[in-house]
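Architecture at a glance
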Amino acid sequence: MPIINVQYVGINSFMWVAVRNASPGIGQSVVNMRIVMDPIEMIAWFDIPGMPRPIRFRHHGNVVKVEMVIRISEEKLAGNRMKVYECQSNINGQMHRFELKYEIGTCKWFLYKI
């Protein structure tokens, strides 16, 4: 029986819950992503406040259309501010999740996880 980790909001403790009939494949696509941190060519649009939105990118000669941006966050790594985009796209007939990073200071895009 799979074990699912649940965190209560406002409490710094975890509760382990056994869930019957849960698929062991849930969430494995996110867990099994590998870090690549490759620079990529990106086509993006910027809204009026200057927030970039990825449209499509080229990685090793393959063009990938960003179909859905699931979450956008910001991090600071070694003093460099970066926008992190958790995305999902249909690649070769399968839905894949991946993370893109946009380095604000240098305006460079990276494929971080796939």
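Residues numbered from 1 in each chain as written. Predicted model: local features only at pLDDT ≥ 70, side-chain atom pairs only at ≥ 80, totals over all residues. Heavy atoms only, no water.

Side note on the overall build of the protein chain
- For the protein chain, the count of helices and strands is one helix and ten strands.
- For the protein chain, the succession of helices and strands along the chain, N to C, is β-β-α-β-β-β-β-β-β-β-β.
- A burial count over the protein chain gives 25% of its 114 residues as buried.
- The long-range share in the protein chain, meaning contacts at least 24 apart out of those at least 6 apart in sequence, stands at 29%. (Helix = DSSP H or I, 4+ residues; strand = E, 2+ residues; numbered from the N terminus. Buried < 20%, exposed > 50% of the residue type's maximum accessible area, 1.4 Å probe, protein only. Contact = heavy atoms within 4.5 Å.)

Topic: the sheet that holds strand S5 (residues 52–59)
- Reading across the sheet, the three strands line up as S4-S5-S6 and stay open at both edges, with antiparallel pairing between neighbours. Either end of the sheet is taken by a strand with one partner, and the two such strands are strand S4 (41–46) and strand S6 (62–65). The average angle at which neighbouring strand axes cross in this sheet is 20°, direction not considered.
- Bridge analysis of S4 against S5 gives six bridges, and the strand direction is antiparallel. Pairing of Phe46 across the sheet is with Pro52, part of S5. (Pairing = 2+ DSSP bridges. Axes fitted to C-alpha atoms, helices over the stretch in contact; angles between N-to-C directions.)

A short note on the sheet that holds strand S3 (residues 35–39)
- Taken in spatial order, the five strands make up an open sheet running S3-S10-S9-S8-S7, and their pairing is antiparallel. Of all strands in the sheet, those with a lone pairing partner are S3 and strand S7 (68–77), marking the two edges. For this sheet the average axis-to-axis angle between neighbouring strands, irrespective of direction, equals 25°.
- Judged from the ten bridges that link them, strand S8 (residues 80–91) and strand S9 (residues 94–103) form a sheet pairing that is antiparallel. Bridging across to S9, Glu86 finds its partner in Glu99.

Examining the nonpolar core
- Counting 13 residues, the largest nonpolar core has Ile40, Phe57, Tyr85, Phe98, Leu100 and Trp109 as the members making the most contacts within it.
- Breaking this core down by element, the ones donating at least two residues are S8, S9 and strand S10 (108–113).
- The biggest single contributor to this core is S9, with three residues.
- Those residues within four positions of Phe57 in sequence are excluded, and the remaining contacts are Ile40, Glu41, Met42, Asn62, Val63, Val64, Val66, Phe98, Leu100 and Leu111. (Core = buried A, V, L, I, M, F, W, Y, C linked by side-chain atoms within 4.5 Å.)

A word on the confidence of the model for the protein chain
- When pLDDT is averaged along the protein chain, the result is 81, and 73% of the positions lie at 70 or above.
- When the criterion is pLDDT under 50, residues 1–28 qualifies, and its contacts beyond four places in sequence or with other chains add up to 25 contacts. (pLDDT = per-residue confidence, 0-100.)

So, the packing of aromatic side chains
- If you walk through the whole model with that rule in mind, you get four aromatic pairs.
- Pairing Tyr102 with Trp109 gives two aromatic rings, centres 4.8 Å apart and planes at 40°, and the pair type is tilted.
- For Tyr102, a relative accessible area of 7% translates into the label buried.
- Grouping aromatic residues by their ring pairs yields a cluster made of Phe46, Tyr85, Tyr102 and Trp109. (Phe/Tyr/Trp six-rings, centres within 6.5 Å; stacked < 30°, edge-to-face > 60°.)

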